[in-house]
Amino acid sequence: MMDTASVVDFGRPAGRRHAVWRFLRGNLKGTEYTWAVAFVVPYAAVFLTFVAYPVVYGVWMGSERGLYPELFADPIYQNTVVNTVLYLAIGVNVKLFLALLLSGFFMRPGWWMKALLLIFVLPWAVPQISTFISIHWMLNGEWGFLNNVLYTLFHVEGPHWLNDRWTALGAVIVSHIWKWTPFWTLILLAGRMAIPLDIRDTARVDGATGLRGFVYITFPLLANLYLICTLLSTIFLLGDFNAVYFVSGGGPANTTHVLATLGIRNAFDIAQPRLGVAAVMSALPLVIPLVIVLMRKLRTAEVQL
Amino acid sequence: MLRGSLALAAAKTVAFPHVVKAAATTATMWFSQGFVQDEDVVLRKIVADYEKASGNKIELSIIPFAPHRQKIISAITSDVVPDIMQSEPNEILQLYAWQDKWVDVSDVVETQRAQFSETALTASQAYNNVTKKRATYGVPLRAAVVPCHIWKSLVEKAAMKVEDLPKTWDAYFDFFKKVQDNLRKQGERKVYGLGFQVTASGVDPYNLFMAFLVAYGGQDVVTKDGKLHLNDPKVKQAAIKAAAYLGGAYRDGYVPPSAINWNDADDNNAFHAKLMVMDVDGTLSTEVAIKEKHPEWYFNEIVTHGVPGYPNDNAGNPVPSIVNITNGLIPKGAKNVTVAKEFLKYFIQPKVIGEFVELGLGRWLPVMPSLAKSPFWQNPKDPHLKGYVQQGLLGPTRPDYYVFNLAMAEVRAQHVWSMPMIEVAREGVKPEVAVDKAFKRIEEIFSKYPMA
């Protein structure tokens, strides 16, 4: 019967073989090693099947060099890059800044504040596809709710929100902010609640109240969390498909696509899956540095929130 | 005894000419979900009837339209395929025939060759870029054209009559501008005459533009040999006229402003909401969708065409309708080609395939002219079916252009024809300029698909 060591030791000199064996085994003794392997194997199998394989397959699909000149020459792609940058820059920053302010608001005591918080998180809790479709209909120029209200109250014909690139993209960004602000507010609220009371009390005694307290005490303590939230939100938003697809549909005339929706369009509407993967892969130069910075921040050893 | 057995076997063969009972075996099939439930019910019935007759099993998956398209593309890309699939979208036949991904099904089609329309037979073929030949890769199952759907009640509200609809192209569509003008005079703030899909989403805008291109004399834009003819002055003039009419109607306020961002379902919804008097939209889904819930709309308020088939061109000649054929396909790598072929042979028997479209409420057309004469299609009490079948099966028809050259499928998917309409409509670009730009893009796309 082949023992575990024989798996790793073929073709190696005996001294080196033992070193490798010791490295793999660590401090585990007897059957501990077998148990450790038994616990790791399912995780490794799942990881290889559902993480490594799709990523490698995606990279392989998007690795054909000829795809990128074709992609970059597409005028829709050029617009898409601009839209993606705007979507990220405005969507992430406005959302997180609002979340930061609102998390302070929800720190106030009282049962009614808890009730308000419950209502406030509803947009995040309800299914996103149905809400985005509702927003699409609400913004319809002819019979949408918004323009009907404008006409009924002010006798004003509202604009056709989804007929113009900038108002349509604006609608997408606002929808995203509306949908996800509650989630990030809760995260930052948890962060604020984790600030020890004695720090806040001491600061208050020293006169750091209101804005001064926020600038000199709360924000510095929340800064690391805020940055991590920003990085995470940017990564999530890069892959966001639903808001664009269901609110503007990438229209009018394909002017409001972001990389995620363009990838789907290329892959399935034009039936060129490799070109679709290439569109999404073109975000990698942005994603990889974001992930590296995020990992470094998460490994920060200092006591920070 | 032996003689008796042979007689019994012969009798069975006559009763089910394409069903040979072999050892029971299973084939998988993917099909798009119908617009109305009846379409799915009839498909399940056909599968059940076949299973009963053959002893084989068909594992049928009915999948909504958009995911189905994605599933097919993913399956072919990864080579994990079912035994039978439906051409969804239809040009998938030509797309993957180019890459030699389909099994030749000429032996299946041959069993009913005499029954199929010429258009259906042409659309079942495609060019294979590996063998450098055209071959039959599709089994025609059903067809669709792009009819005109009209709110008769709105026309009458405008003090006009559907019976007065002109029979030539421009005059026919201009009629609805007059309907809108009259309705506006009555204070109708949000009713538009024409439901043109001046958008870059889905298949509707392509179908609309091509209908106008053909009506204006541009039918030779791609010929049967797969050659592109953008230098033909007739084609160019037709494209300019189509962009000018469709974009101009939007610019002049006769098309709902939201049409610039419609998807394939939006015009149906807008029509049902009486946002416009008429819509040019593929299949009878517009009518079939409301038949059960609003029979009074179906029978009394909405008419299809209002004239027999399409109006004539501006010179008074009939305009051929572009027919899209749904084909049954067997991908290479299918595990059970024998049963797949046998099932398709069963499916295309006139009785079965006729039932398939009729029990589906007539949203789709049959692919065999003999079936158009059935009482279902010729029902004098139905204000839609007779005109629809006249347009798509009995009148002049032609297959879509991607059948002759796959490049046209990419032109359609990239919405290249939409841009002249949109640029004229929204930005007031001169039709000649917008068409020149589109032609340049079309030439680029065609250069990617050289044919021997």
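> Mind laying out the overall build of chain B, listing which residues take part and the relevant values?
Each helix and strand counted, chain B has 19 helices and twelve strands in total. In terms of C-alpha radius of gyration, chain B reaches 23 Å, essentially the compact-globule figure of 22 Å for 452 residues. Expressed as lengths along the three principal axes of its C-alpha atoms, the size of chain B is roughly 85 × 50 × 35 Å. Out of the 452 residues in chain B, the part that is buried amounts to 54%. Within chain B, residue pairs in contact and separated by at least 24 positions form 76% of the contacts whose partners lie at least 6 positions apart.

> Can you explain the overall build of chain A? Please cite residues and give values.
Across its full length, chain A holds 16 helices and zero strands. Taken over C-alpha atoms, the radius of gyration comes to 26 Å for chain A, far larger than the 19 Å a tight globule of 305 residues would show. Dimensions of chain A along its principal axes, counting C-alpha atoms only, are 90 × 65 × 30 Å. Restricting the contact set of chain A to residue pairs at least 6 apart, pairs at least 24 apart contribute 68%.

> Got a sec to walk through the packing of helix α10 (residues 233-251) of chain B against helix α18 (residues 418-427) of chain B? Specific residues and values, please.
All names here are of chain B. Viewed as axis vectors pointing N to C, α10 and α18 meet at an angle of 40°, and their least axial separation amounts to 7 Å. Two packed elements cross with a definite hand, and for α10 against α18 that hand is right-handed. Together, Ala243, Ala244, Leu246, Gly247, Gly248, Tyr250 and Arg251 of α10 and Pro420, Met421, Val424 and Ala425 of α18 make up the contact between the two elements. When the residues that make up the contact of α10 with α18 are grouped by side-chain class, the tally is eight nonpolar, two polar and one charged.

> Give a detailed account of the domain arrangement of chain A, specifying residues and quantitative values.
What the domain assignment reports for chain A is domain 1 (4-61) and domain 2 (68-298). Distance from the C-alpha centre of domain 1 of chain A to the C-alpha centre of domain 2 of chain A: 40 Å.

> Explain the interface of chain B and chain A residue by residue, including any values.
Opposite the 21 residues of chain B that make contact, chain A presents 18 residues. Taken together, the elements giving at least two residues each to the side of chain B that touches chain A come down to α3 (65-78) and α17 (407-413) of chain B. Per-element accounting of the side of chain B that touches chain A gives the leading share, four residues, to α3(B). Grouping the constituent residues of the side of chain B that touches chain A by class yields ten nonpolar, eight polar and three charged.

> So, the pairing of strand β2 (residues 57-63) of chain B: which residues are in play, and what are the values?
All names here are of chain B. Sheet topology note: the strand β1 (residues 26-32)/β2 ladder contains seven bridges and is parallel. Bridged to Trp30 within β2 is Ser61. Chirality of the crossover, the property in question, places the unit of β1, helix α2 (residues 37-54) and β2 among those that are right-handed.

> Break down the pairing of strand β4 (residues 125-128) of chain B for me, citing the residues and quoting the values.
All names here are of chain B. As defined by bridge partners, β4 adjoins strand β5 (residues 133-136) across four bridges and the pair is classed as antiparallel. Note that in β5 the partner of Asn128 across the bridge is Lys133. If you look at the hairpin formed by β4 and β5, you'll find four residues sitting between the two strands, and Lys132 has a positive phi there, around 60°.

> Go over the confidence of the model for chain B with me, naming the residues and quoting the values.
Residue and element names in this part refer to chain B. Taken over all residues, the pLDDT of chain B has a mean of 92, while the share at 70 or more is 95%. Note that residues 1-17 has pLDDT below 50 and, in this model, one contact with residues that lie over four places away or in other chains. Taken over the whole predicted complex, pTM reads 0.84, whereas the ipTM for its chain interfaces reads 0.78.

> How would you sum up helix α8 (residues 169-185) of chain B? Please name residues and give values.
Residues and elements named next belong to chain B. Its 17 residues give α8 an end-to-end C-alpha distance of 25 Å, which sits within 8% of 24 Å, the value for a rise of 1.5 Å per residue. Three or more residues of α8 are buried, namely Trp169, Tyr172, Phe173, Phe175, Phe176, Val179, Gln180 and Leu183. With its buried residues spanning 140° around the axis, α8 presents them on a single face. α8 presents Asp181 and Lys185 as exposed residues on the side facing more than 90 degrees away from its buried surface. Buried positions along α8 lie against α7 (152-157), β8 (192-195), α9 (204-215) and β9 (276-280). Two residues or fewer past α8, Gly187 is found with a positive phi of approximately 90°.

> Talk me through the packing of helix α10 (residues 165-193) of chain A against helix α12 (residues 210-238) of chain A; I want residue IDs and the actual numbers.
To characterise two packed helices, one gives the angle between the axes of the helices and the distance between these axes. Residues and elements named next belong to chain A. For the pair α10 and α12, interaxial distance at closest approach is 10 Å and the crossing angle is 150°. Classed by the angle they form, the pair α10 and α12 counts as roughly antiparallel. When you trace α10 past α12, the crossing you get is right-handed. Note on element contacts: α12 touches α10 through Thr218, Leu222, Leu225, Cys229 and Ser233, opposite Trp184, Ile187, Leu188, Gly191 and Arg192.

> Outline the sheet that holds β9(B), supporting the account with residue identities and numerical values.
All names here are of chain B. Spatially, four strands are ordered β8-β9-β7-β10 in an open sheet, and the strand pairing comes out mixed. Each edge of the open sheet is held by one strand with a lone partner, namely β8 and β10 (302-304). The sheet shows a mean angle of 15° between the axes of neighbouring strands, taken without regard to direction. When strand β7 (residues 148-151) meets β10, the two strands line up antiparallel, connected through three bridges. Note on β10: the bridge partner recorded for Ile150 is Val303. In this fold α8 packs onto β8 and β9, with an angle of close to 145° to the strand it touches most, β8.

> Break down unusual backbone geometry for me, citing the residues and quoting the values.
At the junction of A:Gly251 and A:Pro252, the peptide bond is cis and its omega measures out at 0° in the coordinates. Tracing the sequence through the fold places A:Pro252 in the loop between α13 (242-248) and α14 (259-269). Cis peptide bonds are those with omega within 30 degrees of zero, and the linkage from B:Glu88 to B:Pro89 qualifies with 0°. By the secondary structure assignment, B:Pro89 is in the loop between β3 (84-86) and α4 (92-98). A positive phi is found at B:Thr283, a non-glycine position, where the angle reads about 65°. Of note, B:Thr283 is situated in the loop between β9 and α12 (285-291). Classification of B:Thr283 by C-beta neighbours within 10 Å gives buried; the count is 21. At B:Leu361, a position not held by glycine, the phi torsion is positive, near 70°. Within the element layout of this structure, B:Leu361 appears in the loop between α15 (350-358) and α16 (385-394).

> Which residues make up α12(A), and what values do they have?
Residues and elements named next belong to chain A. For α12, which comprises 29 residues, the first-to-last C-alpha distance of 35 Å sits more than 12% below the rise-based estimate of 42 Å (1.5 Å per residue). If you look at α12, its biggest bend is around 50°, right at Phe219, and the proline Pro220 turns up within four residues after that. Here α12 has its buried residues at Thr218, Leu221, Leu222, Tyr226, Cys229, Ser233 and Leu238. The inward-facing, buried residues of α12 abut α5 (75-105), α10, α14 and α16 (284-298).

> I'd love a proper account of the environment of B:Ser106, names of residues and values included.
All names here are of chain B. Structurally, Ser106 is set in helix α5 (residues 106-110). On the basis of neighbour counts, which here come to 13 C-beta atoms within 10 Å, the residue Ser106 falls in the partly exposed class. When the C-alpha atoms of Ser106 and Thr28 are compared, they prove to be 21 Å apart, with 78 residues separating the residues in sequence. Among all residues touching Ser106, those that are not within four sequence positions of it are Ala135 and Thr136.

> Before we move on, could you go through the confidence of the model for chain A and cite the residues and values that matter?
Note: predicted coordinates in regions of low pLDDT should not be interpreted at a detailed level. When pLDDT is averaged along chain A, the result is 88, and 93% of the positions lie at 70 or above. Predicted confidence for residues 1-10 of chain A stays below pLDDT 50, and this span has seven contacts to residues more than four positions away or in other chains.

> Tell me about the environment of B:Val323, residues and numbers included.
All names here are of chain B. Along the chain, the position of Val323 falls in strand β11 (residues 321-329). C-beta crowding within 10 Å serves as the criterion here: with 25 such atoms nearby, Val323 is assigned to the buried category. When near neighbours in sequence (up to four residues on either side) are disregarded, Val323 contacts Thr119, Ala143, Val145, Gly392, Thr397, Arg398 and Pro399.

Analysis parameters
- Numbers given for residues are sequential positions, taken from 1 along each chain in its written order.
- Going through the entries in the order they are written, you letter the chains from A and number the ligands from 1.
- Note on the predicted model: pLDDT of at least 70 is required for a residue's local features to be given, and 80 or more for side-chain atom pairs to be given and counted; whole-chain, interface and lining totals, by contrast, use all residues.
- Here a strand is any run of E in DSSP of at least two residues, a helix any run of H or I of at least four, and the numbering for each starts at the N terminus.
- The globule rule used here is 2.2 Å times the number of residues to the 0.38 power, and the radius of gyration it is set against is calculated over C-alpha atoms.
- With C-beta atoms placed from the backbone, the exposure class of a residue follows from how many other C-beta atoms lie within 10 Å of its own: 20 or more, buried; 12 or fewer, exposed; in between, partly exposed.
- Contact definition: two residues whose C-beta atoms, as placed from backbone geometry, lie within 7 Å.
- Axis lines are fitted to C-alpha atoms, over the contacting stretch for helices. Their N-to-C directions set the angle, which ranges from 0 to 180 degrees.
- With the far helix as reference, a near helix turned anticlockwise by less than a right angle produces a left-handed crossing, and one turned clockwise produces a right-handed crossing.
- Each residue gets one of three labels, nonpolar for Ala, Val, Leu, Ile, Met, Phe, Trp, Tyr, Cys and Pro, charged for Asp, Glu, Lys and Arg, and polar for the others, Gly among them.
- Start and end positions for the domains come from either an automated domain assignment or a database one.
- We call two strands paired when DSSP finds no fewer than two bridges between them.
- When the strands point away from the viewer and the path from the first strand over the helix to the second turns clockwise, the crossover is right-handed.
- In predicted models, pLDDT denotes the confidence assigned by the predictor to each residue on a 0 to 100 scale.
- Any helix carries an expected span of 1.5 Å times its number of residues minus one.
- It is the directions from the helix axis to the C-beta atoms whose arc is reported.
- Comment on the angle field: the value is read as roughly parallel under 35 degrees, roughly antiparallel over 145, roughly perpendicular from 65 to 115, and oblique elsewhere.
- Two axes define the bend at a residue: one fitted to the seven residues ending there, one fitted to the seven starting there, and the bend is the angle between them.

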